[in-house]
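Below are the chains, spelled out letter by letter.
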Amino acid sequence: MAFIRKKPREQQLQLYSRERFSLLLLNLEEYYFEQHTANHIQHEGNRNERKIRGSLKICSKSVIFEPDAISQPIIKIPLRDCIKIGKHGENRASRHFAKAVPGGISLIFSQVYFIKEHNIVAPYKTERGTMEYVFELDVSGKADDVVETLLQLHRASCLDKLGDQTAMITAILQSRLARTSFDKNRFQSVSETLHMECKAEMVTPLVTNPGHVCVTDTTLYFQPLNRYPTPVVQITLQDVRRIYKRRHGLMPLGLEVFCTEDDLCSDIYLKFYEPQDRDDLYFYIATYLEHHVAEHSAESYTLQWQRGHLSNYQYLLHLNSLADRSCNDLSQYPVFPWVVSDYSSPELDLSNPGTFRDLSKPVGALNKERLERLLARYQEMPEPKFMYGSHYSSPGYVLFYLVRIAPEYMLCLQNGRFDNADRMFNSIAETWKNCLDGATDFKELIPEFYGDDISFLVNSLKLDLGKRQGGQMVDDVELPPWAQSPEDFLRKSREALESSYVSEHLHEWIDLVFGYKQKGADAVGAHNGNRDVGPTPGTPGRAVQGAGLPRSRGALTQKDPGTTVFHPLTYEGGVDLNSMEDPDEKVAVLTQILEFGQTPKQLFATPHPRRITPRFKSGSQPSSCNASTADSPVSPGEESFEDLTEESRTLAWSNITKLQLYEQHRIHKEAVTGIAVSCNGSSIFTTSQDSTLKMFSKESKMLQRSISFSNMALSSCLLLPGDATVISSSWDNNIYFYSVAFGRRQDTLMGHDDAVSKICWLDSRLYSASWDSTVKVWSGVPPEMSAARRHQFDLLAELEHDVGVDTISLNAAGTLLVSGTREGTVTIWDLATATILHQIPCHSGTVCDTAFSPDSRHVLSTGEDGCLNVIDVQTGMLISSMTSDEPQRCFIWDGNSVLSGSQSGELLVWDLLGGRSTERIRGHAGAVTCMWMNEQCSSVITGGEDRQITFWNLQY
């Protein structure tokens, strides 16, 4: 179980232990203030008198006595049920004792609970009727103070309105916190420097514990006001790996800290009284982490998941964390999908699509007949409309699954009672059937169903969970026929989650729970919730290894049977607690949220990209010498040349940081703007702002030709297959064709009204980008042009933009084109229809370079703003963004790693999946302006503003 996983396994399964008291014995929203060693005096003044040794605990709504002897039950007396409180013997307070007990405190009450007798976890026993208990404090001088505190808390508990009760208890708590401060003697070192101290509460499931937070230059501390369960909690900042801002009780007050990369359970969750305190502490720790831990966001996790570097399970864990889901907050517990729909077959066939649940629909829409009834009710419902009467995740649902390993949590949530035996989590198949057919049951699963801890499926604690109508006792969960054991069930469930079917469809479920189908028209159309209840979210923000970012979503809600559902309350932005003047209304809203659950923050405002599975992966990037190589069959056991080339590429990119400068040649008078290389690698053609096209021999290391077409700068060049023709683009609005064999200009294409910034060629078609705000597609460009005549160029399409276009690139198949403008917009075009697929304003300045990944699933762009952005081609979603301290003017990439040329002249290697730069290599004296890589990725040529071309070799 996630939120008790940090405890040793043997401690979890121990039925008897020395420590019986826990904060779970308190009511919800109750505080534990102080404890006093005392005796509970029974039958005082007669022969049967005895003293039971233990500790008296003063809480905001009750008095709890924990006997030292585990055979004796813990006693809990609600303050609201107290009739009289006073020192024993005072004002004839005691009617049953012969004489006053020094240091004695008398409680006369009408109801008492007995808990954990013999330390057995079981429903609370209740005794009613007028009774008097006397407790003798070891330090008798404290009796007056304790009585005064109890009387004050008793007055609060007896107020008519819940809001007034809460306000008075809060005032008492704040007064206690104001009179104390963090004990600096708890610092690990005398040399530590204090940076900030404030009041906060440590959050664990169903419980908050007030105290003082303190952060130094090395350590984060929390000291509970009551010194329970430990005098101080400390976390070394060097151990922190992730930090998230959290929404707690609908307010931006939470902060959760993890010292692990992938664990679901955090090391501490803090709730602050003021948002500014939370933000200040977050800023300090986040600033510290920026120098020690890689930065991550929802987008970078998406890219890792798409590329197969994160499993479905890991990806869902990260999305839950980014969407405010925490195992410390049961109203926002991590949510996982049902993926299997077959719980009756003897074998689980993961190759059969019928085995799986339809992930494009919420649970409530899986049963057509039930959905029709819900739709009929929805149509008749006044605003605000909502689709379902209960949420897919709530504290009650979480503990429904986890009662066998967390029974005390269920007793806490349900006032000391377990649920009816027939409503318990008795059977996997039965639970699934009820989710399909039940009128108000739409719950999803929790991460434990795909983990490796079977404890929530077996009654290891031997709990008495009641007897079902058929007479059988509730014991272990009944498994489907295809599971031979609990371990086998979890293993096969995990296999199902990671299966090809789920990998291909998981993005559809993410759209429902974390994405664009959670509220508004898309949610209603998908039968997934209510209309819009808050502002439309923006693109997910960034986080230090996951600090809270995204916005809100919507889907389903939860109600208590017989109560009114305020469905919008489950959404972020659905209610503004700060604007509520009525304290009773505010308490009611918070209570409803705790019972109903909350909807995750919305992480994605556009359709989520699908995962790249082997079935959908396309071939490698075609060679620059042959862009239309046909697929050829390969005999079993043989490797094709393409397989060998792909293997060499993979090996080369894995060693790209070992790139070494081989030689440099200054052949231009101004910045180099384009590089093209012959198939055999012997001739290098370059263009420059000095208006010349030059031909350089790699073998002789000599400049062989220099051609000038006009007095304006040339912006790019390419070499047609066969190496007979070089095409150059110019700032004079023209495109020039140069015959290598004849050594002269063959033709001129006057196709634009402003400078031509970039050209591409594929399959006898020429693509030209211009500052005149167009990209034009030309036909009639044969691979080998005749030098004897001028050619006729036909304009096939004109792709219009709002501003000048600085760069373009084609995908491998020549079906898509990406353009980048001087105002920072990246546009993906469908060349078959000459229409825009996606337009993404993702840079704050000019787009420097763009390129498709080899499999055409992603586009990478760099800009003057220093950003490297990865865009999913299918959805247009920005799924990764990294920031450099300077513009990256050009780049080459393989889909996972990037080699870029920077403004300062360095080559940088980027790990896109890790979201960081891994190597900086000194190269040019000025900006790197263009770059070429050979087919095997073993040789690189760069050009720069320093007028040089630089040759690089990969040595490994």
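Residues numbered from 1 in each chain as written. Predicted model: local features only at pLDDT ≥ 70, side-chain atom pairs only at ≥ 80, totals over all residues. Heavy atoms only, no water.

- In the nomenclature of an unreviewed UniProt entry, the protein is known as Protein FAN isoform X2 of Vicugna pacos.

Here's the deal with the pairing of strand 25 (residues 725-730)
Here comes step 1: Of all six residues that make up strand 25, six are buried, and the element is covered over most of its length.
Here comes step 2: Here strand 25 shows two buried faces, one formed by Thr 725, Ile 727 and Ser 729 and the other by Val 726, Ser 728 and Ser 730.
Here comes step 3: Looking at chain direction, strand 24 (residues 714-719) and strand 25 are connected through five bridges and run antiparallel. Along strand 25, the bridge assignment pairs Leu 714 with Ser 730.
Here comes step 4: Connecting strand 24 to the antiparallel partner strand 25 that follows it, the hairpin turn spans five residues, and Gly 722 within it adopts a positive phi of roughly 95°.
Here comes step 5: In terms of strand pairing, strand 25 meets strand 26 (residues 734-739) through five bridges, oriented antiparallel. From the neighbouring strand, Ser 728 faces strand 26, where its bridge partner is Tyr 736.
Here comes step 6: Between the end of strand 25 and the start of strand 26, which pair antiparallel, lie three residues, with Asn 733 showing a positive phi angle near 80°. (Buried < 20%, exposed > 50% of the residue type's maximum accessible area, 1.4 Å probe, protein only. Helix = DSSP H or I, 4+ residues; strand = E, 2+ residues; numbered from the N terminus. Pairing = 2+ DSSP bridges.)

Quick word on the side chain of Asn 328
Here comes step 1: Within the element layout of this structure, Asn 328 appears in the loop between helix 6 (312-322) and helix 7 (368-380).
Here comes step 2: Residue classification places Asn 328 among the buried residues on the basis of a relative accessible area of 8%.
Here comes step 3: At 3.2 Å, the side chain of Asn 328 and the side chain of Glu 256 are in polar contact. (Polar contact = N/O pair within 3.5 Å; in protein donor to acceptor, adjacent residues only side chain to side chain.)

Brief notes about helix 6
Here comes step 1: Among the 11 residues in helix 6, 10 count as buried, and that is most of the element.
Here comes step 2: Once helix 6 ends, the next one or two residues include Asp 324, with phi positive near 75°.

A look at the pattern of salt bridges
Here comes step 1: In total, this model carries 32 salt bridges according to the counting rule given.
Here comes step 2: Note that Lys 701 and Glu 663 form a salt bridge whose closest N and O atoms lie 3.6 Å from each other. Of this pair, Lys 701 sits in the loop between strand 22 (692-697) and strand 23 (702-708) while Glu 663 sits in strand 19 (residues 659-666), and the two are 38 residues apart along the sequence.
Here comes step 3: Residue Lys 701 is classed as partly exposed on the basis of its relative accessible area, which comes to 38%.
Here comes step 4: Here Glu 663 falls in the buried class, since its relative accessible area comes to 11%. (Salt bridge = Lys/Arg side-chain N within 4 Å of Asp/Glu carboxyl O.)

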